[in-house]
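# Observations on the three-dimensional arrangement
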Amino acid sequence: MKIIACIKQVPDSEAKVKAEGGKISWGDSPLVINPFDEYAVEGALQQKEATGGTVTALCVGPESARDALKHALAMGADDAVLVSDAALAELDTLGAARVLAAAINKIGGADMVVFGRQTLDNGAGLTPAQTARVLGWPMLGLAGSIKVDSGSVTVERVIEEGRQTVNAKLPAVISVVQSIGEPRYPSFMGIRKASKAEIPVWSLSDINATAPAPIVTRTELMNPPTRDTTVEIITGESPAEIAEKLADKILAEKVL
Amino acid sequence: MKTLVYVDHFKGEVQPASWEALGLAKSFGTAVALVFGTGVDAIAKAAFEFGADEVIVVDDSALTDYRAEPYASTLSALASSSSPDLILFPATTRTRELAAMSAVDLSTGVITDVTSLEVNGDQLIATRPIYEGKLFEKTVCSSKPVMATIRGRAFPKPAQTADKTGTLTKGDAKTDAITTVQGYAASESKVSLGDAGIIVSGGRGVSNNPSLGMDEKSTAQVGFELVRQLASVLGGAVGASRAAVDAGYIPYANQVGQTGKVVAPDLYIACGISGAIQHIAGIRSAKTVIAINKDADAPIFKVARYGVVGDLFQIVPALTEALKKKLGK
Ligand SMILES: Cc1cc2nc3c(=O)[nH]c(=O)nc-3n(C[C@H](O)[C@H](O)[C@H](O)COP(=O)(O)OP(=O)(O)OC[C@H]3O[C@@H](n4cnc5c(N)ncnc54)[C@H](O)[C@@H]3O)c2cc1C
Ligand SMILES: Nc1ncnc2c1ncn2[C@@H]1O[C@H](COP(=O)(O)O)[C@@H](O)[C@H]1O
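Attention here is on the structure that accompanies the text. (Residues numbered from 1 in each chain as written. Chains lettered and ligands numbered in written order. Predicted model: local features only at pLDDT ≥ 70, side-chain atom pairs only at ≥ 80, totals over all residues. Heavy atoms only, no water.)

This next bit is on the site of ligand 1. In the neighbourhood of ligand 1, 27 residues make up the surrounding shell, with B:R204, B:S241, B:T259, B:S274 and B:Q278 lying closest. Those residues lying near ligand 1 are distributed over chains A and B. The backbone of B:L312 places a nitrogen or oxygen atom 2.9 Å from a nitrogen atom of ligand 1. In isolation ligand 1 offers 990 Å² of accessible surface; the protein chains occlude 80% of this area. (Near = heavy atom within 4 Å. Polar contact = N/O pair within 3.5 Å; in protein donor to acceptor, adjacent residues only side chain to side chain. Areas by Shrake-Rupley, 256 points an atom, 1.4 Å probe, with all protein chains shown as cover.)

The structure is reproduced here in structure tokens:
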């Protein structure tokens, strides 16, 4: 089976992200593979192990995103492709989906494309379904488990109301959630292989695509309203006394 | 302005933020509710009662189970024929896909998790959190219709007027299904964290009570029972940290945080939760946070309004008792 895992690079979750002069700053925090996309790589590798085949990590992003792809290689992906082009500085999710679909077609022959649930930075969670729609492939979203059986795939979708089992013919687009299993750590051998790997960089013309004009654009960036976070520690002689005082505070909030 | 409002439901159970979306649509002008599925008359009736001017029902066996493709195609066709300015959705797992796909069909954009939507001339400006709520952005969509999914509890729920009616129209279904639903297992506990006004959450701390002399998992069951009793006296929902979910104390459906549910309750009580940044990411919109933790240096106290430095196995049941008395329960 030929599997593609789509990954993005984002500032680390621990980073102190701020708006400074209309721009986003994350200080000297590192850029990392989008944590949700580590699950995508994990899901893809599990399928490779179950059915044989290859995993290709695919990213649309700047040159620096090589490091995120190297993380996927170190985890066990067989190869990686970076789509990078100066014309792609402003991408909304639909634009990203069109470029990803063009790259997926260029790679060719994929049976399954695995996505993360959402990005940490934009957090839209739209790209997987939009890519599926552009490709005309079935969308199996929020999979907590994946099972492939002779040309078809069954996933267990983790939704608000429980778990739904859905089946489709391959090729299909799948997005995964954390129930897929903890992402494996890169092995020593994997890290060595990744550090030596040559990652091809494709421009838009390499994938026969033109720069999609963004439809959704940012007009303003804001820091969240500062909230009154001075904590009042409730103390007392006994748990009962503390509870008594805390209960009064709760009732004073008038939320019951 | 004309707005289509997609009423999201699962087997007839409506996601409450659908009505919040309907209220928002009404504040802009004409609101047309879309109800897809089979046997959905009761939902159509409720849509009128919550303020819809018109309800378009697409009742077709192809739409019995939610499936992304036929739902999206049906929506796209209705949007093409009725040319709305705006399509609103409650932000749920289904609408993310549905809006995403229809936007491809309609060559327009989707703005997700909107917390505020203003009209400025003929432009709609949406505010939404990015970077796990560490920042907010205002965005605009240059194509029509604008599509937006709204966060639960970000907009007021409109009042329900019994037996109010309006124009009921039948719509046609597109039946281009390419997936099959083979089964469904309801979550063990019915959790509705997204629209809960009060949430009491437990973390790894619920498994820490050596005096019980039990193993970790059994201790955690006792701990979560205390959390559940507090939630119950407050009429709230039960949440959890990822550490508690990963350890198997409670299902994933209860997880609050970056990889779980982002919540916006009036009151959030964290019991035995350290307050890792990924947990905080899920509770930034909570109005009042109360932390109960043994460790005075736990980061959760940095976002809390009230805190108790103590053992949850003592404080939580005492609090439940105190509230029971004060509330006359
Ligand atoms: C990519 C990524 C995504 C993540 N997503 C999420 C997410 O969505 N949600 C989430 O919650 N986490 C998430 N995490 C995990 C997060 O980093 C923390 O590991 C997790 O939140 C810790 O859970 P905890 O606070 O229950 O456990 P701990 O950090 O172990 O804290 C337990 C706390 O309980 C206190 N305690 C112990 N015993 C008692 C007692 N008897 N009484 C009172 N207090 C007691 C301790 O002092 C401690 O503060 C994510 C991590 C990553 C890397
Ligand atoms: N630039 C990109 N390159 C590769 N994959 C991407 C890119 N942007 C988004 N994705 C994938 O789409 C998912 C959802 O992204 P988003 O819609 O931005 O929240 C991510 O988890 C990735 O798997």
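Moving on, we get to the pattern of salt bridges. Under the definition given, this model contains 34 salt bridges over all chains. Note that B:D266 is salt-bridged to B:K287, the shortest N-O span being 2.8 Å. With B:D266 in the loop between α6 (242–246) and β16 (267–271) and B:K287 in the loop between α7 (277–280) and β17 (288–293), this pair connects stretches of sequence that are 21 residues apart. Salt bridges sharing partners connect three or more residues here, namely A:E42, A:E49 and A:R184. (Salt bridge = Lys/Arg side-chain N within 4 Å of Asp/Glu carboxyl O. Helix = DSSP H or I, 4+ residues; strand = E, 2+ residues; numbered from the N terminus.)

This paragraph deals with the interface of chain B and chain A. Opposite the 90 residues of chain B that make contact, chain A presents 87 residues. Both faces considered, chain B and chain A share a buried interface measuring about 7300 Å² in area, 56% of it formed by carbon and sulfur atoms. Inspection of the region where chain B meets chain A yields 10 salt bridges. Taken together, chain B and chain A are joined by 43 residue pairs in polar contact (both at pLDDT 80 or more). Residue composition of the side of chain B that touches chain A, grouped by class: 44 nonpolar, 26 polar and 20 charged. Both strand β14 (residues 216–222) of chain A and strand β10 (residues 135–141) of chain B contribute to a ladder of six bridges, which runs antiparallel. What sits directly across from A:M222, in β10(B), is B:F136. (Contact = heavy atoms within 4.5 Å. Buried area = accessible area lost by both parts, 1.4 Å probe. Nonpolar A, V, L, I, M, F, W, Y, C, P; charged D, E, K, R; others polar. Pairing = 2+ DSSP bridges.)

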